[in-house]
Amino acid sequence: MREPLLLFCNWSTLGVCAALKLPQISAVLAARSSRGISLPSLLLELAGFLVFLRYLCYYEYPLLTYLEYPILIAQDVLLLLCVFHFNGNVKGAAPYLALCVASWFVLSLQKWIIDLAMNLSTFISTASKFAQLQCLWKTQDSGAVSALTWSLASYTCAVLMRFVIMLALNLWVTATVLRYRTTVGKAE
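Residues numbered from 1 in each chain as written. Predicted model: local features only at pLDDT ≥ 70, side-chain atom pairs only at ≥ 80, totals over all residues. Heavy atoms only, no water.

### Observations regarding the overall build of the protein
1) Next: A tally of helices and strands in the protein yields 8 helices and 0 strands.
2) Next: In terms of principal-axis extent, the alpha carbons of the protein reach across some 75 × 40 × 35 Å.
3) Next: Going through the 188 residues of the protein one by one, you find that 33% of them count as buried.
4) Next: Sequence separation of at least 24 residues holds for 80% of the intrachain contacts in the protein that already meet a minimum separation of 6.
5) Next: Element-wise, carbon and sulfur atoms account for 70% of the exposed surface of the protein, whose accessible area totals about 12,100 Å².
6) Next: Here the protein contributes 13 positively and 8 negatively charged side chains, and the mean placements of these two sets differ by 7 Å. (Helix = DSSP H or I, 4+ residues; strand = E, 2+ residues; numbered from the N terminus. Buried < 20%, exposed > 50% of the residue type's maximum accessible area, 1.4 Å probe, protein only. Contact = heavy atoms within 4.5 Å. Areas by Shrake-Rupley, 256 points an atom, 1.4 Å probe, with all protein chains shown as cover. Lys, Arg positive; Asp, Glu negative; His and termini not counted. Charge placed at Lys NZ, Arg CZ, Asp CG, Glu CD.)

### Observations regarding the packing of helix α3 (residues 39-58) against helix α5 (residues 94-106)
1) Next: It is the contact of α3 with α5, at a shortest axis distance of 10 Å, that shows an interaxial angle of 20 degrees. By the angle class used here, α3 and α5 are roughly parallel. By crossing handedness, the relation of α3 to α5 is classed as right-handed. Of the residues in α5, those in contact with L43, L46, L50, L53, R54 and C57 of α3 are Y96, C100, S103 and W104.
2) Next: For the contact of α3 with α5, the per-class residue count stands at 8 nonpolar, 1 polar and 1 charged. (Axes fitted to C-alpha atoms, helices over the stretch in contact; angles between N-to-C directions. Parallel < 35°, antiparallel > 145°, perpendicular 65-115°, else oblique. Left-handed = near helix turned anticlockwise from the far one by under 90°. Nonpolar A, V, L, I, M, F, W, Y, C, P; charged D, E, K, R; others polar.)

### Describing the confidence of the model for the protein
1) Next: Taken residue by residue, the protein gives an average pLDDT of 86. The fraction at 70 or more is 91%.
2) Next: Here helix α8 (residues 161-187) stands out as the element of the protein with the lowest mean pLDDT, 71, in contrast to α3, whose mean of 95 is the highest. (pLDDT = per-residue confidence, 0-100.)

### Notes on unusual backbone geometry
1) Next: Here R32, not a glycine, exhibits a phi torsion of approximately 55 degrees, which is positive.
2) Next: Position of R32 relative to the elements: it lies in the loop between α2 (22-31) and α3.
3) Next: Residue classification places R32 among the exposed residues on the basis of a relative accessible area of 59%.
4) Next: Of note, Q140 is a non-glycine position whose phi angle comes to about 50 degrees, a positive value.
5) Next: Structurally, the position occupied by Q140 is in the loop between α6 (111-139) and α7 (147-158).
6) Next: Assessed through its relative accessible area of 73%, Q140 is described here as exposed.

### Observations concerning the pattern of salt bridges
1) Next: One pass over the full model with this rule turns up 5 salt bridges.
2) Next: K21 is the partner of E45 in a salt bridge, and the nearest nitrogen-oxygen pair spans 2.7 Å. Placement of the pair is E45 in helix α3 and K21 in the loop between α1 (2-19) and α2, with a sequence separation of 24 residues.
3) Next: Under the relative-accessibility criterion, K21 is labelled buried at 6%.
4) Next: The salt bridge partner of D115 is K111, with a shortest N-O separation of 2.8 Å. Here K111 and D115 lie together in helix α6, a separation of 4 residues that amounts to about one turn.
5) Next: The class of D115 is buried, set by a relative accessible area of 19%. (Salt bridge = Lys/Arg side-chain N within 4 Å of Asp/Glu carboxyl O.)

### Examining the packing of α2 against helix α4 (residues 68-86)
Helix-helix packing is described using two parameters, namely the angle between the two axes and the distance between the axes.
1) Next: In contact at an axis separation of 10 Å, α2 and α4 are set at 15 degrees when each is read in the N-to-C sense. In this view, α2 runs roughly parallel relative to α4, as classed from their interaxial angle. In this structure, the crossing between α2 and α4 has a hand that is left-handed. Counted together, L22, Q24, I25, V28 and L29 of α2 and Q75, L78, L79, C82 and F86 of α4 form the full contact between these two elements.

### Comments concerning the side chain of D115
1) Next: Only 2.7 Å separates the side chain of D115 from the side chain of Y59, close enough to count as a polar contact.
2) Next: Look past the residues within four positions of D115 in its chain and what remains in contact with it is Y55 and Y59. (Polar contact = N/O pair within 3.5 Å; in protein donor to acceptor, adjacent residues only side chain to side chain.)

### Quick look at the environment of L56
1) Next: Following the sequence through the fold, L56 ends up in helix α3.
2) Next: Setting aside residues up to four positions removed in sequence, L56 forms contacts with Y61, T65, Y66 and Y69.

Quick look at the structure:
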């Protein structure tokens, strides 16, 4: 039972990632506007995906453990081009794309660089979400932002939710142990 469930989670996540940004790209094309989409959020997300992919390639993980990242990066690059196109400056994407390509090589120059980048990738991904939220709160207009894309992204995270729940519970148990340890120590 465990192996089929794991296979389902793996392949369904891969399938969702294969189409993750398509609703967003479609919404931008249909609206002929990128209103509501945070450029900093998109760039941070792209950086996070790039770091993850480079790290997994650098340490020669099996292809199936990171197959979704090249797909997500390609979709983000396409979305980035759409954002710049509808902002009237497609050429403005060139420096960002050049930075992504340069980062691919810089990340693997030294082992400590890729390790540091990977340690920071959670913060980068978190900053991406907060940048999008900040944009939405500031403008109070979701514009061409696709709720379906964000829902699909939520699904890919929900698969990993077990680990977050277990982390929280383990920390709770640790805190409780430490709390009672000091209480017992004081009582003696």
